[in-house]
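In case you want the letters, here they are:
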Amino acid sequence: MTSHSSGVGRGNSMRDFLSKASSNMSDLKMKASNHSSRLSSSISGRSTTTSNVSSDELRQPMPEITCPFPVVEQPPRCILTSVSDNNIRLTSTKKGLVDITSSRGDKELFLLIPAVKTCNDEGDAKKKKDVYYLKSYKFNRYLTSDSETGEVSTVKISAEINNNVENNDEEEEEEKKKDWVAAAKAKAESALADNSPTKSELGDAEQWLLMHSPHGGHFLVSVKNELNIATCSRTVNDGEGRRITTNSVGLKGANSVEESWDVEFVSGELCFMSSSPSTSSEESTKQIRCDLLGKCSLTSEKRGWEVWRFVEMGGGKVRIVSWMHSQFCIACNHEGKVSTIGIGKAEEGCDEWTVEKAPEGCTGVVIKSVACARRMLCRREGGGLSTMQEFEGDCGVWQLDAAHSQVYTLTSFHHMRSIGPFPYVTENMKQSDQFVLQMIDEDGTVRLYHKSNGLYLGSNEDGDVECITVSDNDDNESSTELWTMEQAIDGGYTFRSKTHGGLLSFSNDEINPKLCTVTAMTDDKREVWSINPLLPRAISSGKIKTFAIGTSVAVGTTVAMPFLMAGVLAVVPA
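Residues numbered from 1 in each chain as written. Predicted model: local features only at pLDDT ≥ 70, side-chain atom pairs only at ≥ 80, totals over all residues. Heavy atoms only, no water.

> If you had to explain the overall build of the protein chain to someone new, which residues and values would you point to?
Helix and strand content of the protein chain: five helices and 38 strands. The buried share among the 574 residues of the protein chain stands at 44%. A separation threshold of at least 6 residues defines the contact pool for the protein chain, and within that pool the share at least 24 residues apart is 57%. Total accessible area computed for the protein chain in this model is approximately 30200 Å², and 48% of it derives from carbon and sulfur atoms. (Helix = DSSP H or I, 4+ residues; strand = E, 2+ residues; numbered from the N terminus. Buried < 20%, exposed > 50% of the residue type's maximum accessible area, 1.4 Å probe, protein only. Contact = heavy atoms within 4.5 Å. Areas by Shrake-Rupley, 256 points an atom, 1.4 Å probe, with all protein chains shown as cover.)

> Could you give an account of the nonpolar core, naming the residues involved and the relevant values?
The biggest cluster of nonpolar side chains holds 25 residues, and the ones touching the most others in it are Leu80, Leu90, Leu143 and Ile229. Elements that contribute at least two residues to this core include exactly β2 (77-82), β4 (98-101), β5 (109-114), β6 (131-136), β9 (208-212), β12 (243-252) and β13 (260-265). By residue number, the principal contributor to this core is β13, which donates three residues. Ignoring sequence-local partners within four residues, the contact set of Leu80 consists of Ile88, Arg89, Leu90, Phe110, Leu220, Trp261, Asp262 and Val263. Core analysis: the second largest hydrophobic core is formed by 23 residues, Leu410, Ile419, Trp483 and Leu515 among them. (Core = buried A, V, L, I, M, F, W, Y, C linked by side-chain atoms within 4.5 Å.)

> Summarise the confidence of the model for the protein chain; cite the residues concerned and give the values.
Confidence along the protein chain averages 77 in pLDDT terms, with 70% of residues attaining 70 or more. Highest mean pLDDT in the protein chain belongs to strand β35 (residues 503-506) (97); lowest belongs to helix α5 (residues 541-548) (37). Predicted confidence for residues 161-178 stays below pLDDT 50, and this span has 23 contacts to residues more than four positions away or in other chains. In the model, residues 188-197 has pLDDT below 50 throughout and makes 13 contacts with residues more than four positions away in sequence or in other chains. (pLDDT = per-residue confidence, 0-100.)

> Before we move on, can you summarise the environment of Thr354 with the specific residues and values?
Here Thr354 shows up in strand β21 (residues 353-357). As for Thr354 and Gly316, which are separated by 38 residues in sequence, their C-alpha atoms are 6.4 Å apart. When sequence neighbours within four positions are dropped, the list of residues in contact with Thr354 reads Gly316, Lys317, Val366, Ile367, Lys368, Val370 and Arg374. Within the structure, Thr354 has its side chain in polar contact with the side chain of Glu356 (distance 3.5 Å). (Polar contact = N/O pair within 3.5 Å; in protein donor to acceptor, adjacent residues only side chain to side chain.)

> Please provide a residue-by-residue account of the pairing of β6, values included.
For β6, the buried fraction is high: six of the six residues fall into the buried class. Relative to β6, β5 runs antiparallel, the two sharing five bridges. What sits directly across from Phe110, in β6, is Ser136. In the sheet, β6 pairs with β9 via two bridges, with the strands oriented antiparallel. Bridge pairing links Tyr132 to Trp208 in β9. (Pairing = 2+ DSSP bridges.)

> Let's hear about the pattern of salt bridges: which residues, and what values?
Pairing between side chains becomes possible if they bear opposite charge and their charged atoms approach one another. A full pass over the atoms with the stated rule returns 14 salt bridges. The partner of Arg289 in a salt bridge is Glu306, with the nearest N and O atoms 2.8 Å apart. Highlighted residues: Arg289 in strand β15 (residues 287-290) and Glu306 in the loop between β16 (296-299) and β17 (307-314), separated in sequence by 17 residues. Here the residues in one salt-bridge network are Arg104, Glu264, Arg319 and Asp351, joined through shared partners. (Salt bridge = Lys/Arg side-chain N within 4 Å of Asp/Glu carboxyl O.)

> Before we move on, can you summarise unusual backbone geometry with the specific residues and values?
Leave glycine aside and you will find that most residues have negative phi; peptide bonds, for their part, are mostly trans. The peptide bond linking Gln74 to Pro75 adopts the cis configuration, its omega dihedral lying at -10°. Here Pro75 lies in the loop between β1 (71-74) and β2. The amide bond that connects Gly420 to the next residue, Pro421, takes the cis arrangement and shows omega of -15°. Examined against the element boundaries, Pro421 turns out to sit in the loop between β27 (418-419) and β28 (425-426). Residue Asn140 is not a glycine yet carries a positive backbone phi of 65°. Tracing the chain through its elements places Asn140 in the loop between β6 and β7 (142-146). A residue is classified by how much of its surface remains accessible, and Asn140, at 11% relative accessible area, is buried.

> Quick one: what's the story with the pairing of strand β20 (residues 338-342), residue by residue and with numbers?
Side chains Val338, Thr340 and Gly342 project from β20 onto a buried face, and the interleaved Ser339 and Ile341 project onto a face without burial. By the bridge criterion, five bridges tie strand β19 (residues 328-332) to β20 in an arrangement that is antiparallel. By the bridge assignment for β20, Cys329 is matched with Ile341.

> Explain the packing of aromatic side chains to me, and be specific about the residues and the numbers.
Inspection of the entire model under this criterion finds three aromatic pairs. Ring centres 5.2 Å apart and planes at 70° place the aromatic pair Tyr449 and Tyr456 in the edge-to-face group. In this structure, Arg447 is placed above the aromatic ring of Tyr456, and the distance from its NZ or CZ to the ring centre is 6.0 Å. Above the face of the Phe506 ring, Arg526 is positioned so that its terminal group lies 5.9 Å from the ring centre. (Phe/Tyr/Trp six-rings, centres within 6.5 Å; stacked < 30°, edge-to-face > 60°. Lys NZ or Arg CZ within 6 Å of the ring centre and 35° of its normal.)

> Mind laying out the environment of Asn508, listing which residues take part and the relevant values?
Mapping Asn508 onto the fold places it in the loop between β35 and β36 (515-518). Classification of Asn508 by relative accessible area gives exposed; the value is 59%. When the C-alpha atoms of Asn508 and Arg526 are compared, they prove to be 8.6 Å apart, with 18 residues separating the residues in sequence.

> Give me the lowdown on the state of the cysteines, citing residues and values where you can.
Covalent bonding between the sulfur atoms of two cysteines defines a disulfide. The final tally for this structure, using the stated rule, is zero disulfides. The thiol sulfur of Cys372 is not disulfide-bonded, and the nearest other cysteine sulfur, from Cys332, lies at 4.3 Å. For Cys372, a relative accessible area of 5% gives the class buried. (Disulfide = S-S within 2.5 Å.)

> Could you give an account of the environment of Asn140, with specific residues and numbers?
It is 9.3 Å that separates the C-alpha atoms of Asn140 and Phe110, two residues lying 30 residues apart in sequence. Of the polar contacts made by the side chain of Asn140, one reaches the side chain of Lys135; its length is 2.9 Å.

> How would you sum up the side chain of Arg89? Please name residues and give values.
Along the chain, the position of Arg89 falls in strand β3 (residues 89-92). Buried Arg89, no salt bridge; nearest opposite-charge side chain is Glu264, N-O distance 5.5 Å. At 2.8 Å, the side chain of Arg89 forms a polar contact with the backbone oxygen of Ser102. Among all residues touching Arg89, those that are not within four sequence positions of it are Ile79, Leu80, Thr81, Asp99, Ile100, Thr101, Ser102, Ser103, Arg104 and Glu108. (Lys, Arg positive; Asp, Glu negative; His and termini not counted.)

Now the structure itself:
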């Protein structure tokens, strides 16, 4: 009996415990629901009266982009080839030596960086000269010269740090250990160490003027020395008592053909090339792909292998180069057959194309061969590429879409921080949030759509930055998600609220900095932002590393054309 009563007591105690636990769980669920409601209200930036509103329900679709931003590689990269001999190119080494070579690789690439414009001797502001820094793409060193010795070399800027170059040097050293021939060559090069002083800032680097040459191409004129870079002969001792004459680089002032250089741009605008049949569904839209062997095909993917670089060749012609496999470009032979070919290996004009607006009734462009009687690039049945003599409809129409799909990250221009996770900024670039930049008008009015939250970046008069919803009926004059984007004087961009004039910034908190708006630019310029296009993930991580060395991708603006071409050759004066 006692035993039975004890069992009943324990049963009642268990039921009481379960009842209390159930009640506690209900309370916790109610508190969690209320907390979720408050969180949704905070995310939306607007009052929410319904307790069961979730952040997913507040999400808004990706904005429609009516004025897309193209992606243009900046500063432009170029190869400098002698007009007197098209097999001679300017090259440099990591020790600072500048020489000539027949090779065509990263060592022969130079960045053309615009410098501050200077007036002529009379001070006429209307006749300002365009001057540039010439910087080695691979070694991060600036071209300089010595008028006394006539030598041309490169110099380091101590304020610039490039870990990628250092990493590349380490990789080269490992390769040299495996190759005794390369090791012997490296030993010989070590005797040519750069003993010139390291410059302290960019302003100390030498500036160069590009002037048209009567022999073709351009003169590369030292602003400081008023002399041209030229190919010349140099006599050296071979170490065994013999004197050998070799071709080299130096300074001259005769304005001869040996001082003339062709400036060939190898950077351009990055696009997807998509077929655009007007009656097809989204699933049937295909992009042109280039694989490791240079074979072209059509695919529904939008990754690194589907990105193409449109390089302007002058006269309205372009070269279409694979971004991931930059040794290949699309060519059309005189019979109309389409293939990829190595840069510089095609017959004259076979790797050149023109891009024109599609005929009336079609949306997109047609791409015509320069060499083959203007045959048009078309999509072939079965997934390949071909050409057609006469326009036959949708198979010859292409869409050129910017390679970043209008998605960006925002990083501080003067500080190593990026927006993310919202509403904070972080030093960990892997935590960067992604934004879609939507242009509203030609005055620089934009919206910033936060992809992961599905909402827009807004602000209030108290300096708070929030993610808010946007209605089509919102008055533009009072919409708190509208920003005026302007380019800063020393680079980067600012975002100023259209409603209260606050500049997008972040708090001066080393531990947990948070987005905010301020009334004026601060001394450390936390209000200046870099807009970084988010390019597709590449198949090869090594390619990402190579692409990042010494260059950047900048936001451009669409010119008066039906497709995205921003005019890279515009940097060279006519």
